[in-house]
Structures are given as C-alpha cells and as structure tokens.
Amino acid sequence: MIGRDLPSLIHTANELAKFPIAGIDLNLGCPAPIVCRKDAGGGLLRNPETVNRLIGSLREAISGRFTVKTRLGYHSENEFPKLLEIFRSHAIDGLTIHGRTVLERYQTPVHPDFVKMAVETMACPVIANGNVIDVETGLAYFAKTAAAGLMIGRGAIRNPWIFHS
Ligand SMILES: Cc1cc2nc3c(=O)[nH]c(=O)nc-3n(C[C@H](O)[C@H](O)[C@H](O)COP(=O)(O)O)c2cc1C
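Procedures and definitions
- Residues numbered from 1 in each chain as written.
- Predicted model: local features only at pLDDT ≥ 70, side-chain atom pairs only at ≥ 80, totals over all residues.
- Heavy atoms only, no water.
- Near = heavy atom within 4 Å.
- Polar contact = N/O pair within 3.5 Å; in protein donor to acceptor, adjacent residues only side chain to side chain.
- Areas by Shrake-Rupley, 256 points an atom, 1.4 Å probe, with all protein chains shown as cover.
- Axes fitted to C-alpha atoms, helices over the stretch in contact; angles between N-to-C directions.
- Helix = DSSP H or I, 4+ residues; strand = E, 2+ residues; numbered from the N terminus.
- Parallel < 35°, antiparallel > 145°, perpendicular 65-115°, else oblique.
- Left-handed = near helix turned anticlockwise from the far one by under 90°.
- Contact = heavy atoms within 4.5 Å.
- Nonpolar A, V, L, I, M, F, W, Y, C, P; charged D, E, K, R; others polar.

Caption draft 1: Here's a closer look at the site of the ligand. Lining the immediate surroundings of the ligand are N27, K69, H98, Y106, N129, G130, N131, I152, G153 and R154. Between the ligand and N131 there is a distance of 2.7 Å, counted from an oxygen atom to a backbone nitrogen or oxygen. Contact with the protein chains removes 62% of the 610 Å² of surface that the ligand exposes when unbound.

Caption draft 2: Layout of the packing of helix α3 (residues 48–61) against helix α4 (residues 80–88). Two elements in contact, α3 and α4, have axes whose closest approach is 10 Å; the angle formed by their N-to-C orientations is 15 degrees. Taken together, the axes of α3 and α4 lie roughly parallel to each other. α3 and α4 meet at a crossing whose hand is right-handed. Residue-level contacts link P48, V51, N52 and I55 of α3 to K82, L83, I86 and F87 of α4. Taken together, the residues of the contact of α3 with α4 sort by class into six nonpolar, one polar and one charged.

Right under this line is the structure:
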C-alpha cells in the first residue's frame, strides 16, 4: 500500500484481508515527485512521527503479515537510525531496505552498512535491496549485510533468468 491517510489505508487493508493475500507491505520508498509532494511513499520519511503513527495503527489493524519497504531516509542516510528505532518499536513481520536515500533515487551506490545495522537491530527478517544485477553483486550484498534475503528489481526486469544463475 502507498499513501498517508490513515483511515484510507486501514480501509484498504480491511478490503485486502477479504482475499487470500500473502501479506500487506507499506511503501516508504517511492521517490516519484508526484508521490513525495503528497507526503506518501518516500516522502513520508521526512516526517518520522507520521511514520510511527501509521505503522503503529496499521500493525493494530492488520492481523496477517505486515511488512515495510523503506529507503534510508529522505535527504541523508543519517536519518536512518531514528527510523530504525521506529521500525523496531512495532512488531512488523519483515523490513525491506532499498539502501539509498530518496534523493539518491536509483543511480548511486547503495550503503550496505546501514542495512547491516538493521539486520543487527530488528527482530524480523531484513531483506536487502538495490543494485543487485547478477550473482556477484547479490553475494557481495549478502556478505556485507548478512540480510535474510535479497529483493531484485531492475536486475530481474533486465534479466528474468537471474534467479537461475
Ligand atoms: C518501474 C519500477 C517500479 C517500482 N515499483 C515499486 C513499488 O510498487 N513498490 C516498491 O516498494 N518499490 C517499487 N520500486 C522500487 C524497487 O522495488 C527497488 O526498490 C528499486 O528499483 C531498487 O532496487 P533494484 O536496484 O533491484 O531495482 C519500483 C522500481 C521501478 C524501477
């Protein structure tokens, strides 16, 4: 789900719960200006208190699997420790981290140290994401983070056979 209006998000979660879904993920990473201008997706990371309120209320409302996908911050990766404290304070079922800030969008190298910090801090599985394009980059991300798994986006669009490599 993506959005910032809590009643709408809870309404959507309740509607989704009527279907045999695997889980519900909250998007805290989308950098598209039209999304961030509305303080949704990655735009929410500018306001940790809102993130705290949304995740807390959604956790109460969602009885099934509830996961969060995030970037390291909006302006700077130094925003991440505070966000991590918030993620840790709610019983989410998984955390996927795109290891960049929102302003870094899609091109810069990722910051694996911050993903590692999350792996060491969170009680739930942490998935590392960003710039995995082949076995070599995937194994390197694993080695640097000890993440529970990898999420592969553009690498899988470019090469759908990447999972068989
Ligand atoms: C076309 C496109 C659509 C995306 N849509 C979503 C989305 O709906 N939800 C989400 O959490 N991330 C979305 N992302 C971000 C990816 O999940 C991922 O975090 C990002 O592309 C970095 O990982 P990669 O280097 O493996 O592509 C999208 C990325 C692209 C390029």
